[in-house]
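Spelled out, the chains give:
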Amino acid sequence: EEHDDKLVAASEVGKLSLENLKHGENVIEAIERAEKLKEEQEQYEIAYKEWMALPKGIRQVTPPPEQPKADTLFGKSIPEFVLDEITKIRSSELENSLKFLHFSHMEKLLYYIKYYIFNNINVELATRILYFILQTHENHIKNSEKLSKLLISIQSRLRSQLQREQDLLGVNISGLKMMMKTLKQNNQDIIEEDDIFKNRASFV
């Protein structure tokens, strides 16, 4: 009977791993799809500015650039599309599923996390993901000045949010503060805002 219990337990672990792998793959796919549309949107905005800069006579006979289709994300904004895929993962399996993401995807995810936190969208989940990324990729982040500055910006925002809405947020960022303290350097400027992540309206 004990042997049977071990087989059942092993079966459950295998099932869980496959489920986690599938969720991880879905998050990766969502990030890559969102990044592709983000790049298309950026290229469209550049092309549109160039079209608007044409002399009026030429512009009248030149068709404007075609805007990327928003319906490819089922009516959601770019970061909300990524978040929607993450929220499909059971809370107890979040970290196990995120383990399948490579650092390149984690790095992109950090910018989406910044968007969620700055726009007060599911801050508790965003903070939990952020803490997981810091735990698993601390050395990579320490060696990147760009990501270090990004995290300082996020930390500053979280601190102000926590002071205003400590009871509502229901998250403990003391561990986050301790880890991020090692990233902060003297006279380090806050990272410049990425225009496409600055305002919710800038997303399709």
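Residues numbered from 1 in each chain as written. Predicted model: local features only at pLDDT ≥ 70, side-chain atom pairs only at ≥ 80, totals over all residues. Heavy atoms only, no water.

Draft legend 1. View of unusual backbone geometry. The backbone phi angle of Asn120 is positive, close to 55°, even though this residue is not glycine. In this structure, Asn120 sits in the loop between α5 (103-118) and α6 (123-136). A relative accessible area of 41% means that Asn120 is categorised as partly exposed. For Asn122, which is not a glycine, the phi torsion comes out positive at approximately 45°. (Helix = DSSP H or I, 4+ residues; strand = E, 2+ residues; numbered from the N terminus. Buried < 20%, exposed > 50% of the residue type's maximum accessible area, 1.4 Å probe, protein only.)

Draft legend 2. Looking closely at the nonpolar core. In terms of nonpolar packing, the biggest core is built from 41 residues, with Leu109, Leu110, Ile113, Ile129 and Leu130 touching the most fellow members. Counting residues per element, this core draws most heavily on α5, at 10 residues. Setting aside residues up to four positions removed in sequence, Ile113 forms contacts with Ala126, Ile129, Leu130 and Ile133. (Core = buried A, V, L, I, M, F, W, Y, C linked by side-chain atoms within 4.5 Å. Contact = heavy atoms within 4.5 Å.)

Draft legend 3. Examining the packing of α5 against α6 more closely. Relative to each other, α5 and α6 sit at 150°, their axes nearing to 9 Å. By the angle between their directions, the pair α5 and α6 is classed as roughly antiparallel. When you trace α5 past α6, the crossing you get is left-handed. Each of Met106, Leu109, Leu110, Ile113, Tyr116 and Ile117 in α5 lies in contact with α6, whose residues at this interface are Val123, Ala126, Thr127, Ile129, Leu130, Phe132 and Ile133. Of the residues contributing to the contact of α5 with α6, the split by class is 12 nonpolar, one polar and no charged. (Axes fitted to C-alpha atoms, helices over the stretch in contact; angles between N-to-C directions. Parallel < 35°, antiparallel > 145°, perpendicular 65-115°, else oblique. Left-handed = near helix turned anticlockwise from the far one by under 90°. Nonpolar A, V, L, I, M, F, W, Y, C, P; charged D, E, K, R; others polar.)

Draft legend 4. Quick look at the pattern of salt bridges. This structure, assessed with the given rule, holds eight salt bridges. With its nearest N and O atoms 2.6 Å apart, the salt bridge here joins Lys36 to Glu40. Here the residue Lys36 and the residue Glu40 both occupy positions in helix α1 (residues 2-52), the gap between them amounting to four residues, near one helical turn. For Glu40, a relative accessible area of 29% translates into the label partly exposed. Residue Lys146 is joined to Glu107 by a salt bridge in which the shortest nitrogen-to-oxygen separation is 3.5 Å. In this pair, Lys146 sits in helix α8 (residues 145-169) while Glu107 sits in helix α5, placing the two residues 39 residues apart along the sequence. Exposure remark for Lys146: the relative accessible area of 45% places this residue in the partly exposed category. (Salt bridge = Lys/Arg side-chain N within 4 Å of Asp/Glu carboxyl O.)

Don't take any of this as a statement about function, it's just geometry.
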